[in-house]
Amino acid sequence: MTSSVNSVILSGYLEGDPEYLQTKNGNPMVRFTIDVYESFRSQERDVERTYHVPVAHFGNLPNELMANLRIGSHVTVQGRITSN
């Protein structure tokens, strides 16, 4: 069996205020979207792109995140990518 690595570090700005939720089991989670910007030169022109990346944080920091994060806050997150 081949093992794979699914790890990502993203740095960007909050698109909106974080949202506090609870899982079906009652565990706290925080959900927000990060705007990640990319710029490069391609075929003699400058290209700028913005990616809107949804983030869900599960764990023991939701109250701290809710108290400190606001729209426009700069954040760096580390985690894994999943798709639905």
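Provided above is the structure to which this section pertains.
The notes below deal with the structure included here.

Each value, and the rule that gives it
- Residues numbered from 1 in each chain as written.
- Predicted model: local features only at pLDDT ≥ 70, side-chain atom pairs only at ≥ 80, totals over all residues.
- Heavy atoms only, no water.
- Core = buried A, V, L, I, M, F, W, Y, C linked by side-chain atoms within 4.5 Å.
- Buried < 20%, exposed > 50% of the residue type's maximum accessible area, 1.4 Å probe, protein only.
- Helix = DSSP H or I, 4+ residues; strand = E, 2+ residues; numbered from the N terminus.
- Contact = heavy atoms within 4.5 Å.
- Pairing = 2+ DSSP bridges.

### Overview of the nonpolar core
For step 1, the next point in the chain: Grouped together as the largest cluster of nonpolar side chains are nine residues: Leu 14, Val 30, Phe 32, Ile 34, Val 36, Val 55, Leu 65, Leu 69 and Val 75.
For step 2, the next point in the chain: Ranked by residues supplied to this core, first place goes to strand 3 (residues 28-42) with four residues.
For step 3, the next point in the chain: If near-sequence neighbours (up to four positions away) are discounted, Val 36 is found in contact with Leu 10, Ser 11, Arg 49, Thr 50, Tyr 51 and Val 53.

### Regarding the pairing of strand 3
For a regular strand, side-chain orientation follows a simple rule: the groups alternate between the two sheet faces.
For step 1, the next point in the chain: Sheet topology places strand 1 (residues 8-14) next to strand 3; two bridges connect them, and they run antiparallel. Each residue of the ladder has a partner; that of Tyr 13, found in strand 3, is Asp 35.
For step 2, the next point in the chain: Bridge count for strand 2 (residues 19-22) against strand 3 is four bridges, and the pairing is antiparallel. From the neighbouring strand, Leu 21 faces strand 3, where its bridge partner is Met 29.
For step 3, the next point in the chain: What sits between the antiparallel neighbours strand 3 and strand 4 (residues 45-58) is a turn of two residues, in which Gln 43 has the positive phi angle 50°.

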